[in-house]
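Chain by chain, the residues run as shown.
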Amino acid sequence: MGKTKNTSQIALNTLKEKHQIWHNPLLISCKNGLLTKEDFSYLFSQYYFYSKNFTKLISAGMINFDDDKHRAKLSQNLWEESGEKDIELRHSELFRKFLINELGIDITSILFEEYTLYFFKQYLDLCLYSGTAESAAILSFATEGIISKLYTIFKQGLLNVGIKETGVEFFTQHIICDDDHALTLEEIALSYQHEENWFNRCKNAIIKALDLRDIFFTHIHKTLQLKKLNQLVERASTPANFNIEKYDLKKLKNPVNETNNKLYFNENLTENIKFTVDRIPISPDILDPRILCIPPGFNNEFHRHAHETIFFVIEGIGRVIIDNESIPIKPLDTVFVPRWVQHQTINTGKTELKIFAVTDYNFTKRFPKNTEQIYRLNKENVAIKT
Ligand SMILES: [Fe+2]
Ligand SMILES: [Fe+2]
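Residues numbered from 1 in each chain as written. Chains lettered and ligands numbered in written order. Predicted model: local features only at pLDDT ≥ 70, side-chain atom pairs only at ≥ 80, totals over all residues. Heavy atoms only, no water.

S.K.: I'm lost on empty space enclosed by the protein in this one. Help?
M.R.: The rolling of a water-molecule-sized probe over the atoms marks out the regions of remaining empty space. Considering all chains together, one arrives at 2 cavities of 30 Å³ or more under this definition. Here the largest cavity defines a volume of roughly 170 Å³. Along the walls of the largest cavity sit 16 residues, with Arg290, His303, Phe311, Ala357 and Arg376 positioned nearest its centre. For the lining of the largest cavity, the secondary structure elements donating two or more residues are β2 (273-279), β3 (288-294), β4 (309-315) and β9 (353-359). If one sorts the elements of the lining of the largest cavity by residue count, β3 sits on top with 3 residues. When its residues are assigned to classes, the lining of the largest cavity shows 7 nonpolar, 7 polar and 2 charged. Its volume calculated, the second largest cavity comes out at about 120 Å³. Lining the second largest cavity we find 13 residues, and of these Phe54, Glu81, Tyr151, Phe170 and His174 sit closest to its centre. (1 Å grid on protein atoms, 1.4 Å probe; cavity = no way out; pocket = protein on both sides within 12 Å on 5 of 7 lines; lining within 4 Å. Points joined across faces, edges and corners; volume = space filled by probe spheres on them. Helix = DSSP H or I, 4+ residues; strand = E, 2+ residues; numbered from the N terminus. Nonpolar A, V, L, I, M, F, W, Y, C, P; charged D, E, K, R; others polar.)

Here is the structure:
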């Protein structure tokens, strides 16, 4: 457009940029590469309801705008949404193809959650019944105006789980063209500036619309966590749901000196840090046992994490610092380290300190922010498969 933005336009854009939706745990997890392909399948199955009904929102604007020129501008947006001359290129169809081809989703079997239906109904009602200026403000600042930033986050997450650039074309296209749609709609919204209390009315409408989307994303995020827990609950609660064939019975025993399965190491001599963590190569549902080795005179990092741990000292002597407490340790001692508490282990002896540590990491890693990469000091030293 190249036009200078006026103060109100800048203020409403700032409002959008500063909204809490950008701190939503779903988007943070996506940004941090913590969503799996399965997570995306669920997320975009629900988002599909929004995608396939999106033109209803534009139509709601059409119904509201009194100026036929405004409606004409919006109809150009609808024309693009509808694939222009080729109806098979309509955006909802492109999204459907993305679901089928990239995520392997059977469209006919998608069950839309109550919260998804509620989100769209409320959003459509906002566009229809909030008022004309409000409707334009919602469609510009809170809808088209966030797509470029939102889809950049989604696209990066999808690339992270191995989907090719060609597979995320739907998102790339919208990152490029929706800013123009937003500007056209912003101009329409600004044409109502002379109306009484215009700014506050637009501001409130934008916040309401962003809040609705924020709540929708929170529901998706909570459901993703519950789905992971449910698999565990099913296996633990019903013998028939547990399959012993998951384990190689000949590999259940692991001699302590033969783990050879590096999980993490760090060496930072200014902080006296030198240690290795090896994972015992089995993968229980909840437990994740490791072997911690610290050479004489060194310690590991002062750190904390979501998993709780029981230490069993195999050989060597030292101290475990838990919060403000310093606990002396010797062979055959056990020490319990609760979740999230700051702790550190120090080798005070003349031989290696070797500790068997049983954690519940295979449980806590299901929740974002709790992976090894998050809590270790030297991220580059974390083995990829955590
Ligand atoms: Fe679109
Ligand atoms: Fe630890």
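Next comes the rest of the write-up.
S.K.: How do you make sense of the packing of helix α1 (residues 7-17) against helix α7 (residues 132-160) when you look at a structure like this?
M.R.: Packed helix pairs are characterised by how far apart their axes lie and by the angle those axes make with each other. For the pair α1 and α7, interaxial distance at closest approach is 11 Å and the crossing angle is 60°. One finds that α1 runs oblique with respect to α7. As for the relative orientation of α1 and α7, their crossing is right-handed in sense. Facing Gln9, Leu12, Asn13, Lys16 and Glu17 of α1, the residues of α7 in contact are Phe141, Gly145, Ile146 and Lys149. Of the residues belonging to the contact of α1 with α7, the class tally is 3 nonpolar, 3 polar and 3 charged. (Axes fitted to C-alpha atoms, helices over the stretch in contact; angles between N-to-C directions. Parallel < 35°, antiparallel > 145°, perpendicular 65-115°, else oblique. Left-handed = near helix turned anticlockwise from the far one by under 90°. Contact = heavy atoms within 4.5 Å.)

S.K.: Before we go on, may I ask you to explain the side chain of Arg290 in this structure?
M.R.: Structurally, Arg290 is set in strand β3. The class for Arg290 is buried, based on a relative accessible area of 4%. Reaching out from Arg290, the side chain makes a polar contact with the side chain of Asp288 at a distance of 2.9 Å. (Buried < 20%, exposed > 50% of the residue type's maximum accessible area, 1.4 Å probe, protein only. Polar contact = N/O pair within 3.5 Å; in protein donor to acceptor, adjacent residues only side chain to side chain.)

S.K.: Is there a simple way to explain the packing of helix α3 (residues 37-64) against helix α4 (residues 68-81) in this structure?
M.R.: Here α3 crosses α4 at 170°, and the two axes come no closer than 9 Å. In terms of axis orientation, α3 runs roughly antiparallel to α4. Judged by residue contacts, Phe54, Thr55, Ile58, Ser59, Gly61 and Met62 of α3 engage Arg71, Leu74, Ser75, Asn77, Leu78 and Glu81 from α4. Class assignment of the residues belonging to the contact of α3 with α4 gives a composition of 5 nonpolar, 5 polar and 2 charged.

S.K.: Explain the nonpolar core to me, please; I cannot follow it from the model alone.
M.R.: Soluble globular proteins tend to pack their nonpolar side chains together in the buried interior. Judged by nonpolar contacts, the single largest core of 70 residues is most densely connected at Phe44, Tyr47, Leu99, Phe154, Phe171 and Phe217. If you list the elements that add at least two residues to this core, you get α2 (25-31), α3, α4, α5 (91-103), α6 (114-129), α7, α8 (169-190) and α9 (198-237). Counting residues per element, this core draws most heavily on α7, at 14 residues. Discounting chain neighbours no more than four positions away, the residues touching Phe217 are Ile21, Asn24, Leu26, Leu27, Tyr47, Leu150 and Phe154. Among the nonpolar cores identified, the runner-up in size contains 20 residues, and Tyr264, Ile273, Val277 and Phe298 belong to it. (Core = buried A, V, L, I, M, F, W, Y, C linked by side-chain atoms within 4.5 Å.)

S.K.: Honestly, the coordination of the iron ion (ligand 1) in this entry has me stumped. Any pointers?
M.R.: Metal coordination angles have textbook ideals: 109.5 degrees for a tetrahedral set of four donors and 90 or 180 degrees for an octahedral set of six. Here the iron ion (ligand 1) is held by the protein donor atoms Glu81 (OE), His91 (ND1) and His174 (NE2), which lie 2.0 to 2.2 Å from it. Sequence spacing among the residues donating to the iron ion (ligand 1) works out to E-x9-H-x82-H. One end of the pair, His91, is in helix α5; the other, His174, is in helix α8, and 83 residues separate them in sequence. Residue classification places His174 among the buried residues on the basis of a relative accessible area of 5%. (Donors = N, O, S within 2.8 Å, 3.2 Å for Na, K, Ca; no water.)

S.K.: Hey, could you run me through the packing of aromatic side chains in this one?
M.R.: For any two aromatic rings, the description comes down to two numbers: the centre-to-centre distance and the angle of the planes. In total, this model carries 34 aromatic pairs according to the counting rule given. Summarising the aromatic geometry, the rings of Phe44 and Phe171 are spaced 5.3 Å apart at their centres and angled 55° between planes, so their arrangement reads as tilted. A residue pair is termed long-range when its members are at least 10 positions apart, and Phe44 in helix α3 and Phe171 in helix α8 qualify at 127 residues. A residue is classified by how much of its surface remains accessible, and Phe171, at 0% relative accessible area, is buried. (Phe/Tyr/Trp six-rings, centres within 6.5 Å; stacked < 30°, edge-to-face > 60°.)

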